[in-house]
Structures are given as C-alpha cells and as structure tokens.
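If you want the building blocks of each chain, they are given just below.
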Amino acid sequence: SLAKETEKKLNQQIEMEGKSSAYYLSMASWCETKGYVNSAKFLYDHSDEERGHMLKLFSYINEAGGHARQPAISEIRHEFNSLREVFELILEHEIKVTKSIHELVDHCFSTKDFTTFNFLQWFVTEQREEETISRRALEIFDIIGEEGMGLWHIDIELGKLHGID
Ligand code: OFO
C-alpha cells in the first residue's frame, strides 16, 4: 500500500496541477477580454487538461488506499502585461511542474515504490510535451514579430498549438 510520505507528496502534486488549472483559466479569461480569442481557446482547453492531470492523481491515490484531497487554491494573477508575458509565465510554470514530477519520481525510486514510479511515467512524458509546446509558443512570437498585424497572426498560430498535444 501507499506509504504516508508518498501519499503526502502525491497530494502536493495534486495541488500543483490544481494550481496549473486555475492559473491557465485565469490567463484564458484575460486573453478573452483582450480579444486574443484563439489563445483563450487554447488556454481554456489547457486548463481542462490540467484538471484531468489532477483527477488522474485523485484516482491513483484513492485506489491505492490513500486519500486524495481537494487543494486550496491560493491567490492567482488576473492581470498580465502582454500576451507574450502570459506564454513566458506558462513556460516558467511548466518547468516548475516538471521539476516537481522528477522529485516525486526520484522519491518513489529511492523508496522502491515501483508501482507509483511506473504510474508517474505518464507525467514524465506529458511534462516533456508541455515544455515543448510552451517553447514553441515563444518561438512563434519571435518568428512572426509583434509589430503591425503581428499579434493578430500570433494569436491565430497560438490557437493551433493544442493540435500538437
Ligand atoms: Fe499538468 O502538466 Fe502542466 O502543469
């Protein structure tokens, strides 16, 4: 069965995924109010995906005899300076999430919890994809350029990003 320490760490990961979901929902809303409708669509979907990640952890913990806990979501940002800043913050956040997953995997390996170790491999792959998408998003800003009609084109291209995932 699930060690208490591992259960605690998995619940901390739930909190991270819940925060990701809330953070991206807030970003989606900001984008929508600014007319970046395609980016908003991408972020609403992304927020749903993060909730999906959180629910995967809920099932795993409870099926393994633990108790998954709905995390408190602390204050999140509602205002952003630019569309580019939103995507920079996403990459920054995803790097943090990857680090957290890796620490969790390392903990499971060193405590010989190979079942949870195996369960977490899905998240390892997912984080790799999420970082790639976030990096791709920032490249789009550089390639197109934000001047003139740039942001309008950038928003369209960002809306296509979830196709990769
Ligand atoms: Fe859950 O992958 Fe992003 O945070």
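Structure: see above.
This structure is a prediction, so every number in the text was calculated from the model and none was measured. (Residues numbered from 1 in each chain as written. Predicted model: local features only at pLDDT ≥ 70, side-chain atom pairs only at ≥ 80, totals over all residues.)

Enquirer: Describe in detail the packing of helix α3 (residues 83-110) against helix α4 (residues 114-144), supporting the description with residues and values.
Expert: Axis separation between α3 and α4 bottoms out at 9 Å; the angle between their running directions is 160°. Here α3 lies roughly antiparallel to α4, going by the angle between them. Our pair here, α3 against α4, has a crossing hand that is left-handed. Broken down by class, the residue content of the contact of α3 with α4 amounts to 17 nonpolar, four polar and six charged. (Axes fitted to C-alpha atoms, helices over the stretch in contact; angles between N-to-C directions. Helix = DSSP H or I, 4+ residues; strand = E, 2+ residues; numbered from the N terminus. Parallel < 35°, antiparallel > 145°, perpendicular 65-115°, else oblique. Left-handed = near helix turned anticlockwise from the far one by under 90°. Nonpolar A, V, L, I, M, F, W, Y, C, P; charged D, E, K, R; others polar.)

Enquirer: Explain the packing of helix α2 (residues 37-63) against helix α5 (residues 150-159) to me, using residue names and the numbers behind them.
Expert: One can describe the packing of α2 onto α5 by two numbers: an axis separation of 7 Å at closest approach and a directional angle of 25°. Comparing the axis directions of α2 and α5 gives the class roughly parallel. Here the hand of the crossing between α2 and α5 comes out left-handed. Across the interface between the two elements, N38, S39, K41 and F42 of α2 pack against D155, I156, L158 and G159 of α5. Residue classes in the contact of α2 with α5 are distributed as three nonpolar, three polar and two charged. (Contact = placed C-beta atoms within 7 Å.)

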